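Here is what each chain is made of, one letter per residue.
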Amino acid sequence: MKKLNSEPLPCKVDSNIAPILHTVSQVCGCFPEKKQDTPEQQQDAEGKDSKLLVLPAAEPTHDDLVKRAEQFLKERIQQGDQQAPFLLGQLYFEEGWYEDALLQFEKSKNDFQALYQAGVMYYDGLGIAENPAKGVEYMKTIVNSESPRATHLRYAAAYNLGRAYFEGYGVTHSDKEAERWWIIAADDGNPRASVKAQCALGMFYSRPTTKNLKKAFFWHSEACGNGNLESQAALGVMYLHGQGTKKDITSAIECLKEAAERGNVYAQGYLVKFYYSRKMYRKAAELAKLVADFDNIEMLARMTDCIPLYTAKGVAIATFYLARCLQRGLGVREDRIAARKYYSKAYRLDADVAADLHYEVIYGTI
């Protein structure tokens, strides 16, 4: 069963690459630079009849830009540009034209970036039938290559291989192999390596079967320091409960608030729980209501690049506490009918989370 997201196509470290459409549009002149008038030209314009002024041409639409970029790249292909087939495939990929994208990537398999994108498409079944074994084969080709043109892709490919072994998709499931590949991809916290692998190791060492909370805290700290949103939320929870580190409420709330502001729903759920525990009922209910109205977990997880499992847990926590506030009239007007609706939703989202919180209700802790 798939649980994790693929690593996006990495760019070379020393480049500042915009999405392909914008980049190609700049190169082929779809965005002509606006020239500043000289003071003499401005003065001359001011003296002319305003009726004679010509309005600037309308900017091209998105469809116009796509057509022009496509035509430009096809011309470059005919001229023998070796990178143009990949760029055309990437243009199609970014537009969601996956069949056309794969056709170009397969034509450009000597380009490791094309090979990487094709591997992701086969593994995830983007617009085509899934072929995870082929996706794994392509990632191994990149990892095993000694070509300098594959260097910036190796960490991401290693992360994807770890993901394949962890999910048992395209290869036989193996926690040992997943851990090995993720450690290679994480490269001891290197910010230029796979930050996704660093986060994945944090999650890996938090599981009951592979638990090592000190390692989990280390890897979440590395990933958080490199900008990973999901690890920032996980660190907040670890500080809150003293898991793998000393309990530190100040650091916990700092991490949770920052992650929540960046859109992490798991952090938002734990903030609701914290506010409720401190009898800040109005604040708990207000935040819980915002989170409890989320319905499309998969879309929300994609938008925040977070794991759907933990996104659902965050919504379930917030939803249960909203139900409790409504049932008891804490921070909101009492409404037992609405409370039952939200209790049911919490159970649908994550039965284990809801059951654990129900036990806390029984024992009088919430």
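The structure under discussion appears in the preceding block.
Predicted model only: the values in this text are computed from it and were never measured. (Residues numbered from 1 in each chain as written. Predicted model: local features only at pLDDT ≥ 70, side-chain atom pairs only at ≥ 80, totals over all residues. Heavy atoms only, no water.)

Asks: What should I look at first to understand the overall build of the chain in this one?
Replies: For the chain, the helix and strand inventory stands at 19 helices and 0 strands. Only carbon and sulfur atoms are counted for the fraction: they give 51% of the accessible area of the chain, which is about 20,100 Å². (Helix = DSSP H or I, 4+ residues; strand = E, 2+ residues; numbered from the N terminus. Areas by Shrake-Rupley, 256 points an atom, 1.4 Å probe, with all protein chains shown as cover.)

Asks: Could you clarify how one ought to interpret the pattern of salt bridges in this entry?
Replies: Pairing is possible between side chains of opposite charge, provided their charged atoms come close. Under the defined criterion, the tally for this structure stands at 12 salt bridges. Here Glu167 ties to Arg163 by a salt bridge, and the two come within 3.4 Å at their closest N and O atoms. Placement of the pair is Glu167 and Arg163 together in helix α8 (residues 154-167), with a separation of 4 residues, close to one helical turn. By the burial criterion, Glu167 is buried, and Arg163 matches it. As a salt-bridge pair, Arg336 and Glu334 come within 3.1 Å of each other at their nearest N and O atoms. Relative accessible area serves as the criterion here: at 48%, Arg336 is assigned to the partly exposed category. On the basis of relative accessible area, Glu334 is assigned to the partly exposed category, the value being 46%. Members of the salt-bridge network, linked through shared partners, are Asp124, Arg163 and Glu167. (Salt bridge = Lys/Arg side-chain N within 4 Å of Asp/Glu carboxyl O. Buried < 20%, exposed > 50% of the residue type's maximum accessible area, 1.4 Å probe, protein only.)

Asks: Honestly, the environment of His241 in this entry has me stumped. Any pointers?
Replies: Along the chain, His241 falls in helix α12 (residues 229-241). Looking at His241, the relative accessible area reads 40%, which means it is partly exposed. Considering only alpha carbons, one finds His241 and Ala252, 11 residues apart in sequence, at a separation of 8.7 Å.

Asks: Where do I start with helix α14 (residues 265-277) in this structure?
Replies: A turn of α-helix holds 3.6 residues, and therefore any two residues three or four places apart point the same way. Compared with an ideal rise of 1.5 Å per residue, which puts 13 residues at 18 Å, α14 spans 18 Å between its outermost C-alpha atoms and is within 8% of the ideal. Counting buried positions along α14 gives 11 out of 13 residues, so the element sits mostly inside the fold. Looking only at α14, the buried set comprises Val265, Tyr266, Ala267, Gln268, Gly269, Tyr270, Leu271, Val272, Phe274, Tyr275 and Tyr276. In this structure, the buried residues of α14 make contact with α12, α13 (249-261), α15 (281-292), α16 (297-304) and α17 (308-328). (Expected span 1.5 Å × (residues − 1). Contact = heavy atoms within 4.5 Å.)

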